[in-house]
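Survey of secondary and tertiary structure
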Amino acid sequence: WASVPTKTTLAVHWYPFMFQISSGKVFMGGSTFLGQLANPNRLNHYDTYNLDTALAVWSFVDDSQAWGGSAVMYRPNRIMKAGAGAYDHFNNPIDGMQSIDLSSGTGTWETGPSLNQWRREFYLVVLPDGKVLAVGGRTDAQRTPELFDPDDPDPNVEWSDMAPLERIRNEHAA
């Protein structure tokens, strides 16, 4: 372990999605209220950043539209976020999905196919065959896992429902 200089401080909310990308930088794809606190017009906008550990500097990457939910690096340098909610996420959950390709060190969030149902406080899991499984969620209604194949060449590929779970798996229930 090595100490990181204090100039790397960034206001990050609970449970940030942190991934090391091939450039050696650390991508923070979770929410930060920094932009919202500075500018009330930025509600429902969640900035994402890269940390250059060699220079100890954060740099803005792009603005994500989702707070919370779940995220996974499903391929090297490719991050997917799904589910979550808007600023009032307890009252306004969403079923959306976004992905970003950080192969060049930076990227832009792109909208992907929505989940079949809204999910909050759930898990995205990369399976050995490369598919992504969405499992669990905040309520009993989210017992049905969903499967997505990011390599499917069909531009209209969607999430597929799987067999329902016997018991719900929600927040902190991995």
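Fair warning: this is a prediction, and the values are worked out from it, not measured in the lab.

Next up on the list: the overall build of the chain. Looking only at helices and strands, one finds one helix and 12 strands in the chain. Mapped in sequence order, the helices and strands of the chain form the string β-β-α-β-β-β-β-β-β-β-β-β-β. Out of the 174 residues belonging to the chain, those deemed buried represent 45%. Within the chain, residue pairs in contact and separated by at least 24 positions form 43% of the contacts whose partners lie at least 6 positions apart. For the chain, the computed accessible surface area is about 9,500 Å², with 53% contributed by carbon and sulfur atoms.

Averaged over the chain, the pLDDT score is 79; the fraction of residues at 70 or greater is 72%. The least confident element of the chain is helix 1 (residues 34-38), whose mean pLDDT is 44; the most confident is strand 11 (residues 146-148), at 95.

One finds M80, L124, V132 and W159 to be the most contacted residues of the largest nonpolar core, which totals 13 residues. Every element with two or more residues in this core is listed here: strand 5 (70-75), strand 6 (78-82) and strand 10 (132-135). Residue contacts for L124: discarding those within four places in its chain leaves S70, A71, V72, M80, A82, V132, L133, A134 and W159. Core analysis: the next-biggest nonpolar cluster, separate from the first, contains 10 residues, F17, F19, I21 and W109 among them.

On to the sheet that holds strand 5, then. Taken in spatial order, the four strands make up an open sheet running 5-6-7-8, and their pairing is antiparallel. Each having just a single partner strand, strand 5 and strand 8 (110-112) make up the two edges of the open sheet. For this sheet, the mean inter-axis angle between neighbouring strands, taken without regard to orientation, is 30°. Examined bridge by bridge, strand 7 (residues 97-101) and strand 8 share three bridges and lie antiparallel to one another. Within the sheet, the bridge partner assigned to Q98 lies in strand 8 and is T111.

Time to look at the layout of surface pockets. Counted as a void, the second largest pocket has a volume near 180 Å³. M97, G112, P113, F148 and V157 are the residues nearest the centre of the second largest pocket, which is lined by 15 residues in total. Secondary structure elements with two or more residues in the lining of the second largest pocket: strand 7 and strand 8. In terms of residues, the lining of the second largest pocket owes the most to one element, strand 8, which gives three residues. The residue inventory of the lining of the second largest pocket, partitioned by class, reads eight nonpolar, three polar and four charged.

What follows concerns the sheet that holds strand 12 (residues 160-161). The four strands are arranged 9-10-11-12 in an open sheet whose pairing can be described as antiparallel. Looking along the sheet, the strands with just one partner apiece sit at the ends: strand 9 (123-126) and strand 12. Relative to strand 10, strand 9 runs antiparallel, the two sharing four bridges. Counterpart to V126 in the pairing with strand 10 is V132.

Cut-offs used in this document
Residues numbered from 1 in each chain as written. Predicted model: local features only at pLDDT ≥ 70, side-chain atom pairs only at ≥ 80, totals over all residues. Heavy atoms only, no water. Helix = DSSP H or I, 4+ residues; strand = E, 2+ residues; numbered from the N terminus. Buried < 20%, exposed > 50% of the residue type's maximum accessible area, 1.4 Å probe, protein only. Contact = heavy atoms within 4.5 Å. Areas by Shrake-Rupley, 256 points an atom, 1.4 Å probe, with all protein chains shown as cover. pLDDT = per-residue confidence, 0-100. Core = buried A, V, L, I, M, F, W, Y, C linked by side-chain atoms within 4.5 Å. Pairing = 2+ DSSP bridges. Axes fitted to C-alpha atoms, helices over the stretch in contact; angles between N-to-C directions. 1 Å grid on protein atoms, 1.4 Å probe; cavity = no way out; pocket = protein on both sides within 12 Å on 5 of 7 lines; lining within 4 Å. Points joined across faces, edges and corners; volume = space filled by probe spheres on them. Nonpolar A, V, L, I, M, F, W, Y, C, P; charged D, E, K, R; others polar.

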